[in-house]
Amino acid sequence: MNRERFLILYCLVVGAAGWSALILSSPGAAPWGVLALFIILALLIEAAAFRVPPADPHSLTGIIILAAALALGPSDGALIAGLSGLIFGVFLPLIYNRPRTFYLLLARPLLRSGVRAGAVLAGGALARLLAGGAPGEALSLMALILCYPTFIQTNRAIREYIQGNTTGVLTWWQSAWMPVLAAEIAPLPLAALFAAIYARLGIGYFIFAAAGLIVASLAVRQAAMNLRNQGASIRELGLLNEASREIIRAELDVEALSELIYRAASKVVDTSSFHLGLFDPDSDRYTLVVRVQDRVRLPPLTVDLPSGDGLVGWMRQTGRSLLVEDFATEMDRLPARPRYQSERPPRSGIYVPLLDGGKVIGTISIQSYQPYAFDADDLRMLSLLADQAAVAISKARAFAAANERAVQLQAIQDVSERITAILDLDQLLPSVVRLIRERFGYHTVHIFLMGEDGRLHFSASTVEGEALERLRQLVLHPGEGIVGSVAVTGQPALVNDVQTDQRYINDDSNTRAELAVPLRYAEHVIGVLDIQSAEAGRFQRSDLFVTRTLADQVAVAVKSARAFQAQREEAWTLNALLQVAENLSRAPSLDTLLPAVVRLPPLLLGCDRCYCLIWDRPAASFTPLAAYGLRPADRATFVGCPIAEQDAPLLAEVVRTVAPLALDSASGHGHLCAPIIERFGSASFLVTPLWTRGAALGVLALDYGPLPHHFTARDLTLANGFASQIAGALESALLAQEAAQAARLEEELRVARDIQRTLLPSRAPNLPGWDTIADWRSARMVGGDFFDYWYLPVQQTFDGNADRSINDGLDLQPLGFVIADVSDKGVPAALFMALARSLVRAAALDGSAPSVALTRANRWITRDTEAGMFVTVFYGIIEPHTGRMRYCCAGHNPPLLFRADGAVETLHTPGIALGVLDEITLEDREVCIARGDVVVCYTDGVTEAINAAEEPFGVERLIETVAAVRTGNVQSILESITGALGRHAEGPLYDDVTLVIIKRVEHD
């Protein structure tokens, strides 16, 4: 609710309350002729009131009202006060030529009359209360003198506060306290004399005395006006001097200075209608900082005001002041036409520019509904005040601009520090737009990056939902839209009204302003930072400074993140190729090699299907040797069935040119390889040659669908690398000597397996109240999985130093246990497992917290090995007597905690595998294991075991299996898991399988 409506509501409520009290007091005991006489006298005296702006008119009416209350009683006195106040209040706007508004014609007269009536009734009630019955004349007079002015002035203070807050109250009190005291309060004791004349001498003498009071009112009015005119110059100069000192001492805050200027002007001239407006130095925007209309404080207002438009625009253009004595007669002679449109426009006004060094920074204007309300002296005083105000406001603006720039630079530094620490591009860009929105208040922030195709691709935004999904599909050509033009020119674009810019692409109906800045690195534009607003004219030069500075920082961060990403991808590519080579080189026969050939590309490149086809040159056909991702029925009719060269010209072209071919969109090119693309619904297709020793063995085909895939340079590099490795492996698989080599290898692996088994605990720890069991099975003769247990000292649970046997039987010793999975299988994994197991155990036996121990082990592993392998580890420490378990998960499958009530929790912490990076960050967490709870730790060989339909065993099936037998002992739980796993896989394991099961039971 705005001030005007609240003021009207206050008037209606308080006025109605006063009249309600008057009606309930049953007035009208005195003859109506007497009542009419008193009302007429009150109106005549009220008409002789004098007014000292910005206060209400002051008069001696209170003498007649209190005299009526003393002579006729409080109820009739209240009636006279209410009716006279209501009548005069209605005519007051007409007398002073005020607007005919609901507030002035009804609400304020109702308030005026209600408060007066209530004040008289309150005085009578106070007198009766003090007297304990019928009060005497003296006591009644004292009560009325106390209540009447108190009610009247309190109401005025409240009304001024509603209109103008504390400023309004102070302005009113500074100008009104003296006439209130001299003309309204001090003469009130004369009411007793007038009451006595009426009661004892009769109505004739009373009328004669009232006539004298009217003459006295006129004399007081004339004296007040003479006094005001005589002291005007001295007071104005004093007030101007005081205002100047206050402005000089004021804080460097524009809004505070504007309030101070308004109060200072109120001491010099009538500021019932007062405007103080400031121009934006960089645009045509004009803001009314202080806006008072009919003594009602209105909120600030910002408009577009070109130079020369209206009286204010004329002042900005010329820097000259203007005194208008009567708009009605001077309108045709004015230098400019007023912009406002009103049913009741002002009749006179003063317009003064705020000049600082010859530049107009704003204006001050006062207006009145009476003609000739202002003169040249008022113009002179307001001009002197404006000169002081302009200098102070300019300094405040400069200080605010410097402070704002300092804040902006600090915010830019904070944002830069935070974004430069992020090296993952997928995390960097969302963080950038979010930080810009949080620190600078820009709601809509986009980032577009230049792609390898020379187009701008959407990368990050602060929008969400459907709008974000639309943006993800947006690709802009250079020069397209505001963003595309910025990418071409390399220069920022600030558009405060997109409807007037032909470059704007109307992709968001809410956008009204846009600021786009290029992301430049060296001499190259690598993207665009785009900020949009739903408010026209939202962006200023300060916003351009901020965004350009931010754009430079973002460009550096993007370049660093891309370099880091490229290095990481290169390392990952090399490691992936190494893993492929190692996996393929360990395949003992063609039967085991082919499933790995078609399984590894989906794992590393994410394709949905993979095929390996051998080229038969004499028959001019391709024969599929293996396929991954097909249904069993499709695989049965595809593998081993030759494809003629003419039916697959794409495959023939790859064999002929020995170069890979990629189809980002294969749906329209099915004829190039109909037996695959059309049959299996390929969306994207990549074919690489299997070339070795100058001959083409065949092709490796990567099939994506139903969703398309955009092939990158990394995809092609990896595919070529895989093809080279696979070609070599296929050639090796065809050599006869591999059989003898496999036999020797098998014997060696058998010995290695026996050695490896000795590295694992031979039996479970003996913990009273705990039941523990473990199972280790490798997919090959040796494997990369391992588990281990060790006790830690009681007094040094997490930071002690102990190395005891797991069967010492110490009840209170914490138990540390670990389960781990090396990134490979076979001999390399087994060797790496032995190294990792020893280093992890050595790092943990000092009693360090799990995250500390694993971090230390990671440093040893990365220092002592260059095999490019890594190991995932879960390490937990159990306090047997409390059930507390502190754990850390370094990239391992999160163990499952089965609560006794049937709930299932996963035990995971953030972190990556050991051996990947030199420095890693791990985190500890803690859980309490209650009686009946079961912890199941496993490696990925359990959940990734597949059946004939290539369906993995999965975590959900594991949870269902354990949940069904969780109340049994650990032996039965282990048997249930291994049984379910065997029934599911129905064949040899593809990966190592390790299980560690711990259950807390009742202590015997």
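Procedures and definitions
- Residues numbered from 1 in each chain as written.
- Predicted model: local features only at pLDDT ≥ 70, side-chain atom pairs only at ≥ 80, totals over all residues.
- Heavy atoms only, no water.
- Helix = DSSP H or I, 4+ residues; strand = E, 2+ residues; numbered from the N terminus.
- Buried < 20%, exposed > 50% of the residue type's maximum accessible area, 1.4 Å probe, protein only.
- Contact = heavy atoms within 4.5 Å.
- Areas by Shrake-Rupley, 256 points an atom, 1.4 Å probe, with all protein chains shown as cover.
- Pairing = 2+ DSSP bridges.
- Phe/Tyr/Trp six-rings, centres within 6.5 Å; stacked < 30°, edge-to-face > 60°.
- Expected span 1.5 Å × (residues − 1).
- Salt bridge = Lys/Arg side-chain N within 4 Å of Asp/Glu carboxyl O.
- 1 Å grid on protein atoms, 1.4 Å probe; cavity = no way out; pocket = protein on both sides within 12 Å on 5 of 7 lines; lining within 4 Å.
- Points joined across faces, edges and corners; volume = space filled by probe spheres on them.
- Nonpolar A, V, L, I, M, F, W, Y, C, P; charged D, E, K, R; others polar.
- Axes fitted to C-alpha atoms, helices over the stretch in contact; angles between N-to-C directions.
- Arc of directions from axis to C-beta.
- Left-handed = near helix turned anticlockwise from the far one by under 90°.
- Polar contact = N/O pair within 3.5 Å; in protein donor to acceptor, adjacent residues only side chain to side chain.
- pLDDT = per-residue confidence, 0-100.
- Core = buried A, V, L, I, M, F, W, Y, C linked by side-chain atoms within 4.5 Å.

Remarks on the overall build of the protein
If you tally the helices and strands in the protein, you get 27 helices and 31 strands. Here the protein, with 1004 residues, has 51% of them falling under the buried criterion. When contacts within the protein are restricted to residue pairs at least 6 apart in sequence, long-range pairs at least 24 apart make up 66% of them. Here the protein has roughly 45,200 Å² of accessible surface; of this, 56% comes from carbon and sulfur atoms.

Side note on the pairing of strand 25 (residues 871-878)
Among the eight residues of strand 25, eight are classified as buried, and the element is accordingly described as predominantly covered. Of the two faces of strand 25, the one holding Val871, Val873, Tyr875 and Ile877 and the one holding Thr872, Phe874, Gly876 and Ile878 are both buried throughout. Of the strand pairs in this sheet, strand 24 (residues 815-822) and strand 25 are connected by eight bridges, and their pairing is antiparallel. Of the residues in strand 25, the one forming a bridge with Ile819 is Phe874. Connecting strand 25 to the antiparallel partner strand 26 (residues 884-890) that follows it, the hairpin turn spans five residues, and Gly883 within it adopts a positive phi of roughly 85 degrees.

What to know about the packing of aromatic side chains
Counted according to the given criterion, the structure contains 17 aromatic pairs. When the ring of Phe38 is compared with that of Tyr198, the centres are 5.5 Å apart and the planes differ by 70 degrees; the resulting orientation is edge-to-face. Of this pair, Phe38 sits in helix 2 (residues 32-47) while Tyr198 sits in helix 7 (residues 190-201), placing them 160 residues apart in sequence. When its relative accessible area of 0% is taken as the criterion, Phe38 is described as buried. One aromatic cluster in this structure is built from Phe38, Phe194, Tyr198 and Phe206.

With respect to helix 2
Here helix 2 spans 22 Å end to end across 16 residues, near enough to the 22 Å set by a 1.5 Å rise per residue. Every buried residue belonging to helix 2 is among Val34, Leu35, Leu37, Phe38, Ile39, Leu41, Ala42, Ile45 and Glu46, and all of these are buried.

What to know about the pattern of salt bridges
Using the criterion set out here, one finds 23 salt bridges in the structure. The salt bridge partner of Glu160 is Arg295, with a shortest N-O separation of 2.3 Å. Here the residue Glu160 occupies a position in helix 6 (residues 137-185), and Arg295 occupies one in the loop between strand 4 (285-293) and strand 5 (296-298), the gap between them amounting to 135 residues. Taking the shortest distance from any N to any O, the salt bridge between Arg886 and Asp924 comes out at 3.4 Å.

What to know about empty space enclosed by the protein
Overall, the coordinates contain four cavities of 30 Å³ or more when judged by the stated rule. Of the pockets and cavities examined, the largest cavity occupies roughly 260 Å³. Together, 22 residues line the largest cavity, and Arg116, Tyr148, Ile152, Arg156 and Glu184 are the ones closest to its centre. Those elements that place two or more of their residues in the lining of the largest cavity are strand 2 (57-58), helix 3 (61-72), helix 5 (102-131) and helix 6. For the lining of the largest cavity, the element with the highest residue contribution is helix 6, accounting for nine residues. Split by residue class, the lining of the largest cavity holds eight nonpolar, six polar and eight charged.

Here's the deal with unusual backbone geometry
A cis amide bond links Gly705 to the next residue, Pro706, at an omega of 15 degrees. When you line up the elements, Pro706 lands in the loop between strand 21 (695-704) and helix 21 (713-733). The backbone of Ala620 sits at a positive phi, close to 50 degrees, despite the residue not being glycine. Mapped onto the fold, Ala620 is located in the loop between strand 16 (609-616) and strand 17 (621-628).

Looking at the sheet that holds strand 30 (residues 934-938)
The strands that make up a sheet are held in pairs by hydrogen bonds between backbone atoms, and each pair lies either parallel or antiparallel. In spatial order, the strands read 22-31-30-27-28; together these five strands make up an open sheet with antiparallel pairing. Only two strands of the sheet have a single partner each, and these edge strands are strand 22 (770-777) and strand 28 (904-906). Recorded for the sheet is a direction-independent mean angle of 15 degrees between the axes of neighbouring strands. Pairing of strand 22 with strand 31 (residues 993-1000), which is carried by eight bridges, proceeds in the antiparallel orientation. Residue pairing in the sheet places Asp771 in a bridge with Lys999 of strand 31. The strands touched by helix 26 (residues 954-965) within the sheet are strand 27 (896-898), strand 28 and strand 30, with strand 27 carrying the most contacts at an inclination of about 30 degrees. Where helix 27 (residues 970-985) meets the sheet, its contacts fall on strand 22, strand 30 and strand 31, and the angle it forms with strand 22 comes to roughly 25 degrees.

Regarding helix 1 (residues 3-24)
Taking 1.5 Å per residue, 22 residues should reach 32 Å; helix 1 reaches 31 Å between its end C-alpha atoms and fits that length. Along helix 1, the residues that are buried comprise Leu7, Ile8, Tyr10, Cys11, Gly15, Gly18, Trp19 and Leu22. Axial view of helix 1: buried residues confined to an arc of 160 degrees, hence all on one face. Away from the buried face of helix 1 by more than 90 degrees, exposed residues Arg5, Val13, Ile23 and Leu24 are located. Elements in contact with the buried residues of helix 1: helix 4 (74-95), helix 5, helix 6 and strand 5.

A look at the packing of helix 26 against helix 27
Between helix 26 and helix 27, the shortest axis-to-axis distance is 9 Å and the interhelical angle comes to 140 degrees. Considering how the two elements wind past one another, helix 26 and helix 27 form a crossing that is right-handed. The residues of helix 27 that touch helix 26, namely those facing Arg957, Leu958, Thr961, Val962 and Val965, are Ile973, Ser976, Ile977, Ala980 and His984.

Topic: the side chain of Thr855
Its place among the elements puts Thr855 in helix 24 (residues 850-864). Here Thr855 falls in the buried class, since its relative accessible area comes to 15%. A distance of 2.6 Å separates a polar atom in the side chain of Thr855 from the backbone oxygen of Ser851. Aside from chain neighbours lying at most four places away, what touches Thr855 is Ile920 and Leu922.

Thoughts on the sheet that holds strand 23 (residues 785-791)
The sheet built from five strands is open, its strands ordered 23-24-25-26-29 with antiparallel pairing. Each edge of the open sheet carries a strand with a single partner, namely strand 23 and strand 29 (925-928). Strand-to-strand twist across the sheet, computed as the mean angle between neighbouring axes with direction ignored, equals 20 degrees. Set on the sheet, helix 23 (residues 826-844) makes contact with strand 23, strand 24 and strand 25; between it and strand 23 the angle comes to about 20 degrees.

Remarks on the confidence of the model for the protein
When pLDDT is averaged along the protein, the result is 82; 88% of the residues meet or exceed 70. A low-confidence stretch, residues 795-810 stays under pLDDT 50, and its non-local contacts, those more than four residues away or across chains, total 46 contacts.

Digging into the environment of Leu428
Tracing the sequence through the fold places Leu428 in helix 13 (residues 425-440). Counting along the chain gives 32 residues from Leu428 to Ala460, while the straight-line C-alpha distance between them is 9.3 Å.

Considering the nonpolar core
Proteins that are soluble and globular tend to have nonpolar side chains buried together. Phe38, Leu72, Val120 and Phe206 are the most contacted members of the largest nonpolar core, which totals 57 residues. Looking at this core element by element, the count peaks at ten residues for helix 5.

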